[in-house]
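# Residue-level structural notes
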Amino acid sequence: MNSKEKGIQLEKFVSGLFKDIDKKARPTKASGACNEVGDVLNSLFYIEAKFRNTKNITLQTKVWQKLCADVPFHSLKMPLYILQNKNKETWAVLDIKDLIKLAECYITP
């Protein structure tokens, strides 16, 4: 299986996880190339999913910046960068300010 096929497999894996909380979650058409932002459509995040055929993962700032730039103004959805290595270890990366916003939802005054 080549890297592109593994990337598609990752998108299906991520959309499957999100389907548990959002029945409409699905991979975007052509990995976001058809007027859909990111790789996985859902109601919470704009998700960019990247498979890397390496043991170690490096966040590519140009990918993150493009994802953030593609988020529509006034959207309540947050950008989320999903990374998976050759060992199928998978991480979710988001801006620390967005993490704090999410954490605030669970803290009661």
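A quick note: this is a predicted structure, and the numbers were derived from the prediction, not measured.

According to the stated counting rule, one finds two aromatic pairs in the structure shown. Judged by centre distance (6.0 Å) and plane angle (75°), the rings of Phe-18 and Phe-45 are edge-to-face. Remark: Phe-45 occurs in strand β3 (residues 45-51) and Phe-18 occurs in helix α1 (residues 3-19); sequence separation between them is 27 residues. Taken as a pair, Phe-18 and Phe-45 share a single burial class, namely buried. In this arrangement the basic side chain of Lys-77 is found over the ring face of Tyr-46, its NZ or CZ atom lying 4.4 Å from the centre.

Following the sequence through the fold, Trp-64 ends up in helix α2 (residues 61-70). Of the residues examined, Trp-64 reaches a relative accessible area of 15% and is grouped as buried. Along the primary structure Trp-64 and Pro-79 are separated by 15 residues, whereas in three dimensions their C-alpha atoms are 8.2 Å apart. Sequence-distant contacts of Trp-64, that is, excluding residues within four places in its chain, are made with Leu-59, Pro-79, Leu-80, Tyr-81, Val-93, Leu-94 and Asp-95.

All right, on to the side chain of Asn-85 then. Structurally, the position occupied by Asn-85 is in the loop between β4 (78-84) and β5 (90-93). Reaching out from Asn-85, the side chain makes a polar contact with the backbone nitrogen of Asn-87 at a distance of 3.0 Å.

The next thing to look at is the side chain of Glu-48. By the element assignment, Glu-48 lies in strand β3. Within the local environment of Glu-48, its side chain forms a polar contact with the side chain of Lys-50, the two groups lying 3.3 Å apart. Setting aside anything within four residues of it in sequence, one finds Glu-48 in contact with Gly-38, Asp-39, Val-63, Leu-67, Leu-80, Tyr-81 and Ile-82.

This next bit is on the state of the cysteines. Considering all chains together, one arrives at zero disulfides under this definition. No disulfide involves Cys-68; its sulfur sits 19 Å from that of Cys-105, the nearest cysteine. Taking relative accessible area as the criterion, Cys-68 reaches 30% and is therefore assigned partly exposed. You can call Cys-105 exposed: its relative accessible area is 62%.

Cut-off values and rules
- All residue numbers here refer to positions counted from 1 along the written sequence of the relevant chain.
- Totals for whole chains, interfaces and linings use all residues, but because this is a predicted model, local features are given only for residues with pLDDT of at least 70 and pairs of side-chain atoms are given and counted only at 80 or more.
- Only heavy atoms go into the side-chain values, all of them from the structure, while hydrogens and water stay out.
- Working definition: rings of Phe, Tyr and Trp (its six-membered ring) pair if their centres are within 6.5 Å, and the pair is stacked with planes under 30 degrees apart, edge-to-face with planes over 60 apart, and tilted otherwise.
- A run of H or I in DSSP becomes a helix once it reaches four residues, and a run of E becomes a strand once it reaches two; helices and strands are each numbered from the N terminus.
- Summary of the burial criterion: residues with accessible area below 20% of their type's maximum are buried, those above 50% are exposed, and those between are partly exposed, where the area comes from a 1.4 Å probe applied to protein chains only.
- Sitting over a ring, as applied to charges here, requires NZ of Lys or CZ of Arg to be within 6 Å of the ring centre and within 35 degrees of the ring normal.
- A contact between two residues is defined here by any heavy atoms of the two lying within 4.5 Å.
- Counting of polar contacts relies on pairs of N or O atoms within 3.5 Å, with two restrictions inside protein: one atom must be capable of donating a hydrogen and the other of accepting it, and residues adjacent in sequence are counted only when both atoms are side-chain atoms.
- Cysteine sulfur pairs qualify as disulfides if the two atoms are within 2.5 Å.

Coordinates in, geometry out; function isn't part of it.
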